[in-house]
Amino acid sequence: MTTMIRYLFELLDERGRRHLRIMLVAQAGQGVLQGVGFLLVVPLVATLTTPPVGWGALGLWLGAVVAAVAAHHVLLAWSTSLGYVVGTDVLTSFHERIGNHLATLPIGWFGGDRTGPIGRMLGKGTMDVANIPAHLLRHVVVGLTAPATMIVGSFLLDWRIGLAFAAGAALCALALRLLMVIVRRNDDDYERDIGVTASRIVEYARQQPTLRAYGVLDRPEMGTLEESLVRQEGSQSRLTIRGAWGMIAFFGTLQLVVTAVIALTVALTLDGTIAVAVMIGVLIVTLRMLDPISQLGELAGLVQVNADAIGRVRKLLAVPPLPEPAEPNRAEPAGAGIELRGVRFGYDGGPTVIDGVDVEIPAGSFTAVVGPSGSGKSTLLKLISRFFDVDEGSVRIGGHDVRELGSAGVSRLTAQVFQDVYLFEGTIADNLRMAAPDATDADLDRVARIARLDEVVERLPDGWHTRVGEAGSTLSGGEKQRVSIARALLKDAPVVLFDEATAALDPANEAAVAAAVHELARDRTVIVVAHRLSTVVAADRILVLDRGRITEQGDHEGLLTAGGTYARFWNERVRARGWQLR
Ligand SMILES: Nc1ncnc2c1ncn2[C@@H]1O[C@H](COP(=O)(O)OP(=O)(O)OP(=O)(O)O)[C@@H](O)[C@H]1O
C-alpha cells in the first residue's frame, strides 16, 4: 500500500504531487474523524444509560458526535473532488511521460510481442492507475486510519479491550497481505497473457490473407491466437479462484476477531470489570469498525491489480533510453561520408549478426550491398540509421560518431526507404509532408514525378487527398514503395539508405524504383541493399556481405574478374533471369 503511494509520488509531476499530498491528509483526517465519531458513541451511550440522565452532558456528547460526523462529511466531499483532480493529473502525466519515454527507446525494443502490452498499458493500464486516487485510495486510507483511531481510543476504555483490538488488527493485516500477494502473483500472469492476446488479435486481423491462403482459419492448432486465448482464460480463472480463496481467508479472520472481541467484552462485563454502558459502546464500535475494514478487504484485490499497473508503468519508464549526447548540436558533420570501424552487433545480446565490419563509403558515392539472405545487409543500414547502437566499434557520418550526433542529428542527415514501408493513416500528401512539413504542392509534384508516384495519384479518385488507410493498407506494395521513395526525395537528406524490396515488382514499379534510385544517387551518399541486377551494375562500389563480414568489395567488373562469391552470385542471378525470360 505504502509502495503504491510512493510510486504515485514518483511518477507524478510537482503539481500532481502537491494535490496528492493534500488529498492524503484530507483522507487521513476523514478516517480519524470517523473513528472519533464512533468512539464518542461510548460516552453518549454511557450518559444515556446511567440514571439520572445528565441532560447537559448528553447535549455535549451529542454535539461532539454531530460535529465529528459533519467535519467527516466535509473532508469526504473535499477529498473526493481532490481524488478526481489527482486522477486527471495521473492520466495527463502518465500519457506524457510514457509517450516521451517511448520516443527515446531503441527501435529494436519495439519488436516481438510489445505492441499489445504497450497498447493495453496506455489504455486500460493508465485508467487503472488513475482509478487509484480517484476511487480507491480514499477507502484504503480511511479503512486504515478509522480502525487505527478506534483501537487507540479503545485503550482509553479498557486496556484489555485495546489489546484485543490491536491483536485482531494485526491478524487481519496478515490476512489482507496474504490476499494481496495471491492477487499480485496471479495478476502478473493474467496481464502478461492478456497483453500477448492483444498482440495476437492485431496479428490475426493483419494476417488474414496469409491465414486464408493456407486455409488455417478453422484449424485452431495452427492459430497462435487460439492458444493465447486459452492461456488467458486459464490465468483469468486462476486469478478469480485464488483471489476468492484469499477473500474467504480474510473475511474468516475478520469474523473470528470480531467474535473474540465481543466474547471478551461480554466476559469482562459479566465479572464486573467494565460497566454495561461501556460494553454497549464497545459492541457498537466493534460493529461499526467492520464497515471500513470489510470495504478494505473487498477492494484489496482491485487495489493490488491497480498497483500492479503502476508497477508496469514504472518498469517501462526504467527501460534505458538510447543514450543521447548532452549537446547534440555541437557535432557539425563534415560532408556525408560514412565510416564503419570494427563494428560488431547482435540483436538483444544474441548471436553476432555484424561481425567486425570495416568500411569507408565516400560522400556522394553510390554503394550496393549484396549477399545471401540473413547475412546482415538490412542490419547494416539500421546501424547507420542508429536504430540500434553497435556493441563494438563505431559508425561515423561526416566524421562524427552517430552516438555523438544523437538520434535527431542522424535523422537530419539520413533518409530511409526500407522494405517494410510504413505509412500513417492520413492522406498521401500527409505522408509525404512528414518528411518536410513546409513542402509546397509544387515540391510534392516534383518528387512524385521522379518516384513515378504521379501516375498513382492521378489514378486515385481523391488524388493527393486519398487516405492510405491504417499502415497504408489501401495501397499496393509497389505503390507504397513509391510513396516511401517520394518521401525520402522530399526530405532531401545527404545520405539515403535504401533496402530494395526482395519481392518481385511488376515492370512499371521496377522502372519507377530504378529511376528513383538513379535520381537519389545524384549528389547524395546512397547505400542500397540491392536485389536487382540493374541496381548492382549502376553502383560505384559493391560490398559483398557474408555472415556479417565484408568478404569482397570493388566495382562490378573488378569483382567479376576476381571470380569470387560475387562472380558466382552474379552468374547464378543472370542464369536465373535468363531462364525466367525464356
Ligand atoms: N529484430 C531482430 N531481432 C533479432 N534478430 C534479428 C532481427 N532482425 C534481423 N535479425 C536476424 O539478424 C540476421 C540478419 O538479418 P538481416 O535482416 O540484416 O539480413 P539480410 O541480409 O538483410 O536478409 P534479407 O536479404 O533476407 O533481407 C538474421 O539472422 C535475422 O534473423
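One can find the structure itself at the top, above this paragraph.
All values reported here derive from a predicted model rather than from experimental measurement. (Residues numbered from 1 in each chain as written. Predicted model: local features only at pLDDT ≥ 70, side-chain atom pairs only at ≥ 80, totals over all residues. Heavy atoms only, no water.)

Draft legend 1. Spotlight on the overall build of the protein. For the protein, the helix and strand inventory stands at 18 helices and ten strands. Out of the 582 residues belonging to the protein, those deemed buried represent 47%. Of the contacts made within the protein by residues no fewer than 6 positions apart, 76% connect residues no fewer than 24 positions apart. Element-wise, carbon and sulfur atoms account for 60% of the exposed surface of the protein, whose accessible area totals about 28400 Å². (Helix = DSSP H or I, 4+ residues; strand = E, 2+ residues; numbered from the N terminus. Buried < 20%, exposed > 50% of the residue type's maximum accessible area, 1.4 Å probe, protein only. Contact = heavy atoms within 4.5 Å. Areas by Shrake-Rupley, 256 points an atom, 1.4 Å probe, with all protein chains shown as cover.)

Draft legend 2. Empty space enclosed by the protein, seen in detail. All chains considered together, the criterion is met by one cavity of 30 Å³ or more. Taken as a whole, the largest cavity spans an internal volume of roughly 40 Å³. Contributing to the lining of the largest cavity are Leu383, Arg386, Phe388, Asp389, Val390, Ser394, Val395, Asp401, Val402 and Arg403. Of all the secondary-structure elements, those providing two or more residues to the lining of the largest cavity are β4 (392-397) and α10 (402-413). Class assignment of the residues belonging to the lining of the largest cavity gives a composition of five nonpolar, one polar and four charged. (1 Å grid on protein atoms, 1.4 Å probe; cavity = no way out; pocket = protein on both sides within 12 Å on 5 of 7 lines; lining within 4 Å. Points joined across faces, edges and corners; volume = space filled by probe spheres on them. Nonpolar A, V, L, I, M, F, W, Y, C, P; charged D, E, K, R; others polar.)

Draft legend 3. The layout of surface pockets, seen in detail. Approximately 880 Å³ is the volume attributed to the second largest pocket. What lines the second largest pocket is a set of 32 residues, among which Asp188, Asp308, Gly311, Arg312 and Lys315 lie closest to the centre. Every element with two or more residues in the lining of the second largest pocket is listed here: α1 (2-11), α4 (115-157), α5 (159-206) and α8 (276-317). Here the lining of the second largest pocket gets nine residues from one element, more than from any other, and that element is α8. Across the lining of the second largest pocket, the residue classes tally to 14 nonpolar, five polar and 13 charged. No fewer than three residues from each of domain 1 (1-157) and domain 2 (159-273) sit in the lining of the second largest pocket. (Domains from an automatic or database assignment.)

Draft legend 4. Geometry of the environment of valine 410. Relative to the elements of secondary structure, valine 410 occurs in helix α10. As a C-alpha pair, valine 410 and isoleucine 397 span 13 residues in sequence and 8.1 Å in three-dimensional space. Apart from the residues within four sequence positions on either side, valine 410 is in contact with Ile384, Ser385, Arg386, Ile397, Val402 and Leu405.

Draft legend 5. Quick peek at the sheet that holds strand β1 (residues 338-346). In spatial order, the strands read β2-β1-β4-β5; together these four strands make up an open sheet with antiparallel pairing. Every other strand in the sheet has two partners, leaving β2 (352-361) and β5 (400-401) as the edge strands with one partner each. The sheet contact formed by β1 and β4 spans five bridges and is antiparallel. Bridging from a neighbouring strand, arginine 344 pairs with glutamate 392 of β4. Against the sheet, helix α9 (residues 377-384) makes contact with β1, β2 and β4, and its axis sits at roughly 115° relative to β1, the strand it touches most. (Pairing = 2+ DSSP bridges. Axes fitted to C-alpha atoms, helices over the stretch in contact; angles between N-to-C directions.)

Draft legend 6. A look at the sheet that holds strand β8 (residues 525-529). Strand order across the open sheet formed by six strands is β6-β7-β8-β3-β9-β10, with mixed pairing between neighbours. With partners counted over all chains shown, the strands left at the sheet margins are β6 (414-417) and β10 (549-554), one partner each. Across the sheet, the axes of successive neighbouring strands diverge by a mean angle of 20°, strand direction being ignored. Both strand β9 (residues 541-546) and β10 contribute to a ladder of five bridges, which runs antiparallel. Each residue of the ladder has a partner; that of valine 544, found in β10, is glutamate 552. Strands β6 and β7 (495-499) of the sheet are contacted by α10, whose axis makes an angle of about 70° with β6.

Draft legend 7. Inspection of the packing of α1 against α8 at higher detail. Relative orientation of the contacting elements α1 and α8 amounts to 40°, with a least axis distance of 10 Å. Overall, the two elements α1 and α8 adopt an arrangement that is oblique. Note that α1 runs across α8; the crossing there is left-handed. Taken together, the residues of α8 that come into contact with α1 (itself represented by Met4, Tyr7, Leu8, Glu10 and Leu11) are Val303, Ala307, Ile310, Val313, Arg314 and Leu317. Among the residues making up the contact of α1 with α8, the classes are represented as nine nonpolar, no polar and two charged. (Parallel < 35°, antiparallel > 145°, perpendicular 65-115°, else oblique. Left-handed = near helix turned anticlockwise from the far one by under 90°.)

Draft legend 8. Expanded view of a nonpolar patch on the surface. A contiguous nonpolar surface patch, about 330 Å² in accessible area, is contributed by Phe155, Trp159 and Leu163. Examined against the element boundaries, tryptophan 159 turns out to sit in helix α5. By relative accessible area, tryptophan 159 is classed as exposed at 52%. (Patch = residues over 30% accessible without salt bridge, like charges linked within 9 Å, V, L, I, M, F, W, Y side chains within 5 Å. Salt bridge = Lys/Arg side-chain N within 4 Å of Asp/Glu carboxyl O.)

Draft legend 9. Up close: the site of the ligand. Close contacts around the ligand come from Tyr347, Val353, Pro372, Ser373, Gly374, Ser375, Gly376, Lys377, Ser378, Thr379, Gln419 and His531, and that covers them all. Between the ligand and the protein, one listed contact pairs a nitrogen atom with a side-chain N or O atom of tyrosine 347 at 3.5 Å. One of the side-chain N or O atoms of lysine 377 is found 2.8 Å from an oxygen atom in the ligand. It is α9 that contributes the most residues to the shell around the ligand, three residues altogether. Classifying every residue of the shell around the ligand gives three nonpolar, eight polar and one charged. (Near = heavy atom within 4 Å. Polar contact = N/O pair within 3.5 Å; in protein donor to acceptor, adjacent residues only side chain to side chain.)

Draft legend 10. Highlighting the pattern of salt bridges. Applying the stated criterion across every chain, the model contains 25 salt bridges. A salt bridge links glutamate 324 to arginine 386, with the nearest nitrogen and oxygen atoms 3.6 Å apart. With a gap of 62 residues between them, glutamate 324 in the loop between α8 and β1 and arginine 386 in the loop between α9 and β4 connect regions that are remote in the sequence. Arginine 386 is paired through a salt bridge with aspartate 389; the nearest N and O atoms lie 2.7 Å apart. Here arginine 386 falls in the buried class, since its relative accessible area comes to 4%. With relative accessibility at 19%, the residue aspartate 389 sits in the buried group. The network of salt bridges with common partners includes Asp187, Asp188, Glu191 and Arg312.

Draft legend 11. Fine view of the nonpolar core. Within the largest apolar cluster, 69 residues are counted, with the highest numbers of intra-cluster contacts made by Leu8, Leu20, Val90, Leu137 and Ile310. Every element with two or more residues in this core is listed here: α1, α2 (14-49), α3 (55-102), α4, α5, α7 (224-270) and α8. Taken domain by domain, this core gets at least three of its residues from each of domain 1 (1-157) and domain 2 (159-273). In contact with leucine 8, other than residues within four places in its own chain, are Leu20, Val90, Val129, Ile132, Pro133, Leu137 and Ile310. (Core = buried A, V, L, I, M, F, W, Y, C linked by side-chain atoms within 4.5 Å.)

Draft legend 12. View of the side chain of asparagine 186. Counting through the fold element by element, asparagine 186 comes out in helix α5. When near neighbours in sequence (up to four residues on either side) are disregarded, asparagine 186 contacts Arg238, Leu239 and Arg242.

Draft legend 13. Structural detail: the packing of aromatic side chains. Applying the stated criterion to the full structure yields six aromatic pairs. Between the aromatic rings of tyrosine 347 and phenylalanine 388, the centroid separation amounts to 5.1 Å while the plane-to-plane angle is 90°, which identifies the pairing as edge-to-face. On the criterion of sequence distance, the pair formed by tyrosine 347 in the loop between β1 and β2 and phenylalanine 388 in the loop between α9 and β4 is long-range, its members being 41 residues apart. Of the residues examined, tyrosine 347 reaches a relative accessible area of 32% and is grouped as partly exposed. An aromatic cluster is defined as three or more aromatic residues linked by ring pairs; in this entry it consists of Phe345, Tyr347 and Phe388. (Phe/Tyr/Trp six-rings, centres within 6.5 Å; stacked < 30°, edge-to-face > 60°.)

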